[in-house]
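So you can see what is in the structure, the chains are spelled out below.
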Amino acid sequence: MSQQGQAGADSGQLILEKEIVDKVTARFGDKAKLAYVKPRRVRFNVSKDSIMEFARFARDELGFDHPISVSGVDYPKNRIIDVVYHVGSCTNDRYRSFVLAFAVQLDRDDPVMPTLIPVYRGVEYHERETFEMFGVIFEGHPRLERLLLPEDWADIPPLRKDFHIKGREE
Amino acid sequence: MATVSEFTFSNFIKSVLWLLFWVLMIVSLIALPILFIVLFYVPPPVINGVEINPYLLLTMLTNPQVGAPLIRPTLDSLFFRIAVFPGFTFAALFATVLIFAERKFLAKMQLRVGPYHAGREAFWWANSLGGFLQLIADLLKLLGKEIIVPSGADKPIFWAAPVVLVIAAAGLIALIPVAPGWVIADIDVSLLAVFALLGFFPLTVLLASYASNSKYPFIGGLRALYQLISYEIPLILAVLPIVILASTLSLTGIVEAQYAYWFILLVPIGAFVFFITALAELERIPFDLPEAESEIVAGWLTEYSGMTYGLIQLANYIKMYALSALFTTLFLGGWMGPEFLPGVEVFGVEVLSSSETSGIFWFTIKTFGVALFMILVRGTNPRVKIDVLLRAGWSKLIALSFINVFIAVALLYLGVVGVGP
Amino acid sequence: MSGMGSAEGIPGFQIEGKGEDGMDRGILTLSVGPQHPGSGHFRLVVKVDGDIIVEALPDPGYVHRGEEKMCEYRNYIQNIPHLERPMIADSCGILYPYVLAVEEIANIPVPERAKYIRVMMAEINRCIFELYWLGIYGIFLGHSTMFMWPMADRELLIDLAEMASGARVTHAYFVPGGVRNDIPDAFPEKARRHLLYFRNRLKEYRDIFYDNPLFQARTVGVGVLSREDAINLGATGPVLRASGVDHDIRKVEPYDVYDELDFDVVTMKEGDSFARAYVPWLEMYESVEIALQALEKMPSGPVRTKLGPNPKGAVGEAFKRVEAARGELAYYLVSDGNPRPYRVKLSVPSFREIPVMAHLLRGAKLADMPSIYWSMNYWPVEADR
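The rules behind these values
Residues numbered from 1 in each chain as written. Chains lettered and ligands numbered in written order. Predicted model: local features only at pLDDT ≥ 70, side-chain atom pairs only at ≥ 80, totals over all residues. Helix = DSSP H or I, 4+ residues; strand = E, 2+ residues; numbered from the N terminus. Rg over C-alpha atoms; globule rule 2.2 N^0.38 Å. Buried ≥ 20, exposed ≤ 12 C-beta atoms within 10 Å, placed from the backbone. Contact = placed C-beta atoms within 7 Å. pLDDT = per-residue confidence, 0-100. Core = buried A, V, L, I, M, F, W, Y, C linked by C-beta atoms within 7 Å. Domains from an automatic or database assignment. Nonpolar A, V, L, I, M, F, W, Y, C, P; charged D, E, K, R; others polar. Pairing = 2+ DSSP bridges. Axes fitted to C-alpha atoms, helices over the stretch in contact; angles between N-to-C directions. Parallel < 35°, antiparallel > 145°, perpendicular 65-115°, else oblique. Left-handed = near helix turned anticlockwise from the far one by under 90°.

Caption draft 1: Expanded view of the overall build of chain A. Within chain A one finds four helices and seven strands. Secondary structure elements in chain A, listed N-terminal to C-terminal, are α-α-β-β-α-β-β-β-β-α-β. Computed over the C-alpha atoms, the radius of gyration of chain A is 17 Å, within 12% of the 15 Å expected from 2.2 N^0.38 for a compact globule of 170 residues. With the C-alpha coordinates aligned to their principal axes, the bounding extent of chain A is approximately 50 × 35 × 30 Å. Considering chain A as a whole, with its 170 residues, one finds that 45% of them fall into the buried category. Restricting to contacts in chain A with at least 6 residues of sequence separation, those with at least 24 account for 56%.

Shown next as structure tokens:
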């Protein structure tokens, strides 16, 4: 079945990708905006309120049950921080080769969003990393504390763009 | 004050003369008077009715023939037996050779070379041995290390534990006969005495771990306690058929009972159980859980450093020698073997008879073989878990030991061996 | 009685509530690592009740180097050498998705021969890593011979990698647009010889290690990870496949030329430590098979597309994943059109095993800790990045 998705991608038709987009827009409408569709990659920008619902939908109805990564991206110009969840599928053979990305665009000065641990238990440490690297607060996270940085770290979260490595300010 | 003076020849001569002066002063003012006082008050030892006084010693230097009749009585004296052979020196030497053999043998199994360089370049005759001085280097390293006693440790027990372990291990070798008549303590119940001495180890290990006042030694000590106590029972049960067959508790008697065939042929299950439990008693892989480094650092050894650690290792290897020797004595016929070696004569006086030299030879070879077999087990097995270990000890090994006892009793009643019913 | 007091005298030993039998419950907190012979650069705060682990809190970060921040200060090519550093035992595996992502962002074509060389090198590196891991797994279960044998045989494969790339461990061999240099003429013959020898050696590993009843007693039925937990916790690679999920990026989303090569995805149903240790061993056979096939089918031709001095990416993002030795390794690359990446996120398998490890250690015995911890294929340096 995975070969099918691939064949669709190779012929440039993106059949399965469009299928996902249709399902999501039918369910969420404006709350989930399509960012792009590329071969085997689909991304939605989801509003903060419906992120939990979207995650449940992705896991239970689309079959994207395998959390891969949680990344923050800082855009100081737009005053937002993207928190991007990438999930894959282990059980739904149609979407085996797909990676679904859904992002929440948070206010850079007050980045708060609900944690997705109830849906994907595997994101616990990814979210902790995003917390310490971008200062995003995940409400309901059981251990939102320092993970990789030194215990005496006393600076802004280091992966924000206004943090510069010493001697590399430009 | 440490001042760095330039090296000149005159300074060198001066320092040598200075040293000589002090040596002469110390010898003439302190050492010689002490020697004379000692000689005046302490009576010279009497061997074979001859008083060994300094004049006789000097005479022996020029004419060794005088001393020849005294050699055998010296060998028979208790002091020599305890201190040299078959006592502590022999055991320590055996343990040293065992460590070296273990490292080389293990290296061969693991496609490595093992100790190679230390001592190889220094002595032309040592080329084939390759790296045997590594042990000396290790010993020097241990001697040079600082001994750190953890704060809050129970100091007297912490210091005493390694010494007690060495003493208990050395006590074991007093009971093991290495050749006809060559045993330090030839008592009637030496087999019981062996188990009594083995009972020292769990207690000492527990005390050592508890005295360290640290977490990993605490867990390691408890593990050691579980392991040693639960494996002592099959150890004793495995030996029971030997007592039944030989109808004696004396180790010398047990060896003499094997003049025709070894007991391993009659009770192989007992030999198997004894070997396994001996490994557990020694805390060697696969039973080294009290020292499992991936879980509890070094177990009950964690807080020991420097020469205290060295002493514990020495005790372990002496114990390994003792248990290999015990296996040889109980199951492999001890010193029994073809008497093919000539005796030793010095100036026409027989020092060692042919049976004694052959006995020592066979005993050493067999013991070494058993020890190598233990090393082989180490090279091919991982560590077991404590629950698996205890289950195997309490159910399987004890059951096997009982089967073993029944076999021995059946052999006895059928009149195959022993004194009969 | 100083020092010989009750158990409360020992630091870290605390009484927490009462147990079911009404007795005081002593919870001993053990700090396993980073100064512990069984942990690596990693700390595991283990709370034990008797011999049972009540809770294990992983505490990574001791070798955090800020790779992701560093990437934002260097251009696409400069990033290659330092991105290998988190995982020098499998340096091709960790670089592979980065190179693929840069190729997608900057739209760089790859010659056919380079694809085959990449696949072959990735598989040789997979074997190099698995041997390293197998040796460490052996020594932490107390099997010293199992430490020495794979380490010795690993040399042969390292020789191959050195012959191709010039470096023993950090090859920096994959570049956007192909590989850095072509393999020498004598390489295929030597590679065939070494790989076939290595495949024969694998049998001996099974004889001395996997077939050993004591090893099986330590691993069979220990740390069982169910299929659902494996998926939901985000387990990947051999850990996931040992729980019965046939998820292998090489099959489900073939990159380069994996779809033209014939190989199987190894899975086991048990999900215990033994299965997690056995799956990599089986996969090494497949790796040798893939490498030999790649050598066989390799066309001749150029191995690298000529690039300008400072390739620029288009505005956009790429998410590329490969099957590295430890599992699915993904790069999330965001480009704002500059010669430097705007954001690089490494989603490494070791980091994803952390929740799985915490999940499995809860309720396990203390003696099972090494067999669970090292069966995770966990690599602290990679997890910390």
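So, next bit.
Caption draft 2: Spotlight on the overall build of chain B. Counting its regular elements, chain B contains 17 helices and four strands. In terms of overall dimensions, chain B has C-alpha extents of about 85 × 60 × 45 Å along its principal axes. With 421 residues in all, chain B has 39% of them scored as buried. A separation of at least 24 residues holds for 73% of the contacts in chain B among residues at least 6 apart in sequence.

Caption draft 3: Region of interest: the environment of B:Val149. Residue and element names in this part refer to chain B. Its place among the elements puts Val149 in the loop between helix H6 (134-144) and helix H7 (155-173). The spacing of Val149 and Ser305 is 156 residues in sequence and 8.3 Å in space, taken between C-alpha atoms. Ignoring sequence-local partners within four residues, the contact set of Val149 consists of Lys155 and Phe158.

Caption draft 4: Structural detail: the confidence of the model for chain A. Per-residue pLDDT for chain A has a mean of 82; in total, 92% of the residues score no lower than 70. The low-confidence segment residues 1-11 of chain A, where pLDDT is below 50, has 21 contacts with residues more than four positions distant or belonging to other chains.

Caption draft 5: The arrangement of the interface of chain C and chain A in detail. Listed by partner, the interface residues are 28 residues for chain C and 30 residues for chain A. Counting residues per element, the ones that place at least two in the side of chain C that touches chain A are helix H1 (67-71), helix H8 (227-232), strand S8 (327-336), strand S9 (343-347) and helix H12 (349-361) of chain C.

Caption draft 6: Quick peek at the nonpolar core. Counting residues in hydrophobic clusters, the biggest one holds 257 residues, and the most contacted among them are B:Phe274, B:Ile318, B:Tyr321 and B:Ala322. Among the elements that make up this core, the one with the highest residue count is helix H4 (residues 112-140) of chain C (17 residues).

Caption draft 7: Representation of the domain arrangement of chain B within the structure. All names here are of chain B. Looking at chain B, the domain boundaries give domain 1 (102-144) and domain 2 (146-413). On a C-alpha basis, the centres of domain 1 and domain 2 stand 26 Å from each other. With seven residues of domain 1 in contact, the opposing surface of domain 2 contributes eight residues. When contributions to the side of domain 1 that touches domain 2 are tallied by element, the ones reaching two or more residues are helix H5 (88-109) and H6. Of the residues forming the side of domain 1 that touches domain 2, the biggest block, four residues, is contributed by H5. Here the residues of the side of domain 1 that touches domain 2 are counted per class, giving five nonpolar, one polar and one charged.

Caption draft 8: Broad picture of the sheet that holds S9(C). All names here are of chain C. The strand order across the open sheet formed by three strands is S7-S8-S9, and the pairing between neighbours is antiparallel. Edge positions in the sheet fall to strand S7 (315-324) and S9, since each has one partner strand and no second. Here the strands of the sheet are splayed against their neighbours by 10° on average, with no regard to which way each runs. As defined by bridge partners, S7 adjoins S8 across ten bridges and the pair is classed as antiparallel. By the bridge assignment for S8, Gly316 is matched with Ser335. Here helix H3 (residues 91-106) sits on the sheet and contacts S7 and S8; the angle it forms with S7, its principal contact strand, is near 150°.

Caption draft 9: Up close: the sheet that holds strand S4 (residues 80-88) of chain A. All names here are of chain A. Taken together, five strands build an open sheet; the order of strands is S1-S2-S5-S4-S3 and the sheet is mixed. A strand with exactly one partner marks an edge of an open sheet, and here the two such strands are strand S1 (32-38) and strand S3 (66-75). Neighbour to neighbour, the strand axes of the sheet diverge by 20° on average, direction disregarded. Pairing geometry for S3 and S4, over nine bridges, is antiparallel. Looking at S4, one finds that Val73 is bridged to Asp82. Sheet strands in contact with helix H3 (residues 51-60) are S1, strand S2 (41-46), S4 and strand S5 (99-107), and its direction is about 175° off that of S5.

Caption draft 10: Summary view of the interface of chain B and chain C. Opposite the 29 residues of chain B that make contact, chain C presents 31 residues. Elements that contribute at least two residues to the side of chain B that touches chain C include exactly helix H9 (200-211), helix H10 (215-246), helix H14 (293-296), helix H16 (354-380) and helix H17 (386-413) of chain B. In terms of residue count, H14(B) provides more of the side of chain B that touches chain C than any other element does, three residues in total.

Caption draft 11: Just the pairing of S1(A), in detail. Residue and element names in this part refer to chain A. Bridge count for S1 against S2 is six bridges, and the pairing is antiparallel. Among the inter-strand pairings, Ala32 is bridged to a residue of S2, identified as Val46. Hairpin geometry of S1 and S2 is characterised by an intervening segment of two residues between the two adjacent antiparallel strands and by a positive phi of about 65° at Arg40.

Caption draft 12: Structural view of the packing of H7(B) against helix H15 (residues 306-331) of chain B. Residue and element names in this part refer to chain B. The contact between H7 and H15 brings their axes to 8 Å, and the two run at 20°. The angle between H7 and H15 falls in the class roughly parallel. Judged by the twist between their axes, the crossing of H7 over H15 is left-handed. Contacts between H7 and H15 pair Pro162, Val163, Leu165, Val166, Ala169, Ala170, Leu172 and Ile173 from the former with Thr308, Leu311, Ile312, Leu314, Ala315, Ile318, Lys319 and Ala322 from the latter. Residues that form the contact of H7 with H15 fall into these classes: 14 nonpolar, one polar and one charged.

Caption draft 13: Highlighting the pairing of S2(A). Of the pairings in the sheet, the one linking S2(A) to S5(A) comprises six bridges and is parallel in character. When the sheet's bridge partners are listed, A:Val46 is paired in S5(A) with A:Val104.

Caption draft 14: Summary view of the environment of B:Leu235. Residue and element names in this part refer to chain B. Relative to the helices and strands, Leu235 is located in helix H10. Linking Leu235 and Gly49, residues 186 residues apart in sequence, is a C-alpha distance of 46 Å. In this view, Leu235 contacts Phe274, Thr277 and Glu281; residues no more than four positions away in its chain are not counted.

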